Amino acid sequence: QGKGLFATRNIRKGETVFVERPVVSSQFLWNALYNYRACDHCLRALETAEENAQRLLGRSSLVLPHPEQCSIRKDLHQQCPRCQVTYCSAECRQAALEQYHQVLCLGPSRDDPTHPLNKLQEAWRNMHYPPETSSIMLMARMVATIKQAKDKEWWIKAFSQFCNKTANEEEEIVHKLLGDKFKGQLELLRLLFTEALYDEYLSRWFTPEGFRSLFALVGTNGQGIGTSSLSQWVHACDALDLPMLQREELDAFIDQLYKDIEKESGEFLNCEGSGLYVLQSCCNHSCIPNAETSFPENNFLLHLTALEDIEAGEEICISYLDCCQRERSRHSRNKILRENYLFTCSCPKCLAQADDADVTSDEEEEGEGETDDAELEDEMTDV
C-alpha cells in the first residue's frame, strides 16, 4: 500500500479514469503449451474469435455468426525474421526491436535447449506451473530494456518506482510467488538468469538480494493482462442493431457458447500475461473498490474505469482480490493480502468487520484437505 491515487476531478460511474501503457510486459511462458498465441509485444490475441472459441471448446467445427465483427487482422501479422516470434503488426515488431528484442532474440537458437535463455525459460516452467501470475521473462525484459537503452538511468529510475515499494520482506514475496516447495530453487534461477543476461551496469540485480528484489517487484506490482478476440467479438455483437428475433437468437447462442466453454475448459480466464503499470501500481486496495481495470482493446492498454461516482479529492481504489476472494471472511481476505502484498487491509468493509471472529471462510474450510499447491494456485489465480 503506497500513498495512493486521488481523483483531481469529479468522475462519473462507468467513466474511464485513465488509459495506461505498461513500462514493460510479457506473455506467460505456458501460453505456447496451451496452443494460445498473442502478439509478443502488446499481447493482442493472434487467433480469430472463431479460433479462440474452437480452442476453448475443443471443437474445430464451430462456426461463429457475424465473423465480420472479429477485429483480428491476420494479414497484418509479422514475424521476427531471425527467431520467428510473431507480432500483430509491423509497429509492434519495430517497438519490440527498439526496446528489448535485440538482446532477447534467439535467432537460429530458438529451439536449442542448451541456449541460456531457453534453459532459463524451461527452469521457470518446471518450477511455476499454471496458473502463472508473473513471468521470469518480465524480469528479462526489464534487463534487456536497460541493456539496449541509450539513457539507461531513465529506465532504472522508471523501474525504481516499483522497487522502492518492495524494499522490505522481499523474501516472503518470493516464497509466495514460487511456492514453498520451490524455495531452494531460487538460486538456480538466479544463476541461469545471470548466465543469460548478466550486465555489469546492473550487477546489483544479479546478486542474491537484488534478484529477490526483482521477484518482489513483479510479485507485488505485476498486473495480469487479459486479452481475448472472442470477448471483443461478443462486445461487437452486443452493439449490433438487429431485429428482435435475430437479437434473441444471437444472445442465446452466445450464452450457450460461454456455458459450453466453462464446461469444457473451466472458468473462462483470459489472463495471458503480466505488465508493470506506473499509475495502476499507485492505486491502493479496497475490498469494496470504486474502480476496476480491464483490457477492452484486446492488447496491453489498461483501462481504469469507475465503478461508482468518485468525487474530486477522493481516493481511487481497486481490488487486489478477485470477486470470489472479496466474498470471503475478513480473516481470509487479509491472509491473502498479507502473504501476497505484505499489508493488512483497513478499508471500510474490513473496519466494519473488525470484531468478526478470526475464522476462515466456509469455502476454505471445505478445501482444508487440499494440498498446499492447490491452495496456492487458488489464491494466486488472478493476482
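Reading the values: rules and limits
- Residues numbered from 1 in each chain as written.
- Predicted model: local features only at pLDDT ≥ 70, side-chain atom pairs only at ≥ 80, totals over all residues.
- Heavy atoms only, no water.
- Pairing = 2+ DSSP bridges.
- Helix = DSSP H or I, 4+ residues; strand = E, 2+ residues; numbered from the N terminus.
- Salt bridge = Lys/Arg side-chain N within 4 Å of Asp/Glu carboxyl O.
- Buried < 20%, exposed > 50% of the residue type's maximum accessible area, 1.4 Å probe, protein only.
- Phe/Tyr/Trp six-rings, centres within 6.5 Å; stacked < 30°, edge-to-face > 60°.
- pLDDT = per-residue confidence, 0-100.
- Contact = heavy atoms within 4.5 Å.
- Core = buried A, V, L, I, M, F, W, Y, C linked by side-chain atoms within 4.5 Å.
- Axes fitted to C-alpha atoms, helices over the stretch in contact; angles between N-to-C directions.
- Polar contact = N/O pair within 3.5 Å; in protein donor to acceptor, adjacent residues only side chain to side chain.
- Parallel < 35°, antiparallel > 145°, perpendicular 65-115°, else oblique.
- Left-handed = near helix turned anticlockwise from the far one by under 90°.
- Nonpolar A, V, L, I, M, F, W, Y, C, P; charged D, E, K, R; others polar.

## Re the pairing of strand β11 (residues 315-318)
Okay, step 1: When strand β1 (residues 5-6) meets β11, the two strands line up antiparallel, connected through two bridges. When the bridges of β11 are listed, F6 appears paired with E315.
Okay, step 2: Bridge count for strand β8 (residues 284-285) against β11 is two bridges, and the pairing is parallel. Bridging from a neighbouring strand, N284 pairs with C317 of β11.

## Thoughts on the pattern of salt bridges
Okay, step 1: Summed over all chains, the structure comprises 11 salt bridges.
Okay, step 2: The salt bridge involving D260 is made with R59; its shortest N-O contact spans 3.9 Å. One end of the pair, D260, is in helix α10 (residues 244-265); the other, R59, is in the loop between α1 (49-57) and β4 (78-79), with 201 residues separating them in the sequence.
Okay, step 3: The partner of E187 in a salt bridge is R190, and the shortest N-O contact between them spans 2.6 Å. With a gap of three residues between them, E187 and R190 both fall in helix α7 (residues 186-197), about one helical turn apart.
Okay, step 4: Under the relative-accessibility criterion, E187 is labelled partly exposed at 35%.

## Looking at the packing of aromatic side chains
Geometry of an aromatic ring pair is reported as the spacing of the ring centres plus the angle between the planes.
Okay, step 1: Enumeration according to the criterion identifies nine aromatic pairs in this entry.
Okay, step 2: On the basis of an interplanar angle of 20 degrees and a centroid distance of 6.0 Å, the ring pair of W124 and F215 is categorised as stacked. Of this pair, W124 sits in helix α3 (residues 116-127) while F215 sits in helix α8 (residues 208-221), and the two are 91 residues apart along the sequence. With respect to class, W124 is no different from F215; both count as buried.
Okay, step 3: Judged by centre distance (5.5 Å) and plane angle (35 degrees), the rings of F193 and F206 are tilted. Within this pair, whereas F193 is found in helix α7, its partner F206 is found in the loop between α7 and α8, the two being separated by 13 residues in sequence.
Okay, step 4: On the accessibility criterion, F193 (0% relative accessible area) is buried.
Okay, step 5: Under the relative-accessibility criterion, F206 is labelled buried at 4%.
Okay, step 6: These aromatic residues form a ring-pair network of at least three members: W124, F193, Y198, F206, F211 and F215.

## Some details on the confidence of the model for the protein chain
Okay, step 1: Summing up the model confidence of the protein chain, the mean pLDDT is 85 and the portion of residues at 70 or higher is 86%.
Okay, step 2: Least confident of the elements in the protein chain is helix α16 (residues 372-380), whose mean pLDDT is 37; most confident is helix α2 (residues 90-104), at 97.
Okay, step 3: Low pLDDT (under 50) marks residues 164-175, which in the prediction has 30 contacts with non-local residues, meaning those over four places away or in another chain.

## Examining the environment of Y100
Okay, step 1: By secondary structure assignment, the location of Y100 is in helix α2.
Okay, step 2: For the pair formed by Y100 and R141, sequence separation is 41 residues and the distance between their alpha carbons is 6.2 Å.
Okay, step 3: With residues near it in sequence (within four places) discarded, Y100 still touches D40, H41, R141, A144, T145 and Q148.

## Some words on the nonpolar core
Okay, step 1: Residues I136, F159, F193, W205 and L304 are the most contacted members of the largest nonpolar core, which totals 79 residues.
Okay, step 2: The element contributing the most residues to this core is helix α4 (residues 136-148), with nine residues.
Okay, step 3: Excluding anything up to four places from it in sequence, W205 contacts M142, V143, I146, F159, G210, F211 and L214.
Okay, step 4: Of all hydrophobic cores here, the second largest spans 17 residues; its members include L57, I72, V234 and L250.

## A few points about the sheet that holds strand β10 (residues 302-306)
Okay, step 1: In spatial order, the strands read β2-β10-β9; together these three strands make up an open sheet with antiparallel pairing. A single partner strand is all that each edge strand has here, and the edge strands are β2 (16-20) and β9 (291-294). Recorded for the sheet is a direction-independent mean angle of 20 degrees between the axes of neighbouring strands.
Okay, step 2: Note that β9 and β10 share four bridges and pair antiparallel. For E292, the partnering residue across the bridge sits in β10 and is T305.

## Overview of unusual backbone geometry
Backbone geometry follows two general trends: most residues other than glycine have a negative phi, and most peptide bonds adopt the trans configuration.
Okay, step 1: Backbone geometry places L43, a non-glycine residue, at a positive phi of 70 degrees.
Okay, step 2: As for its placement among the helices and strands, L43 is situated in the loop between β3 (24-27) and α1.

## Topic: the side chain of S228
Okay, step 1: As for its position among the elements, S228 is in the loop between β6 (223-225) and α9 (229-238).
Okay, step 2: Its relative accessible area of 4% is what places S228 among the buried residues.
Okay, step 3: Polar contacts involving the side chain of S228 include one to the main-chain amide nitrogen of S231, which spans 2.9 Å.

## So, the packing of α1 against α9
Okay, step 1: Where α1 contacts α9, the two axes come as close as 7 Å, and the packing angle between them is 120 degrees. Considered as vectors, α1 and α9 are oriented oblique to each other. Our pair here, α1 against α9, has a crossing hand that is left-handed. Contacts between α1 and α9 involve A49, N52 and A53 from the first element and S229, L230 and W233 from the second.
Okay, step 2: Here the contact of α1 with α9 is built from residues that sort into four nonpolar, two polar and no charged.

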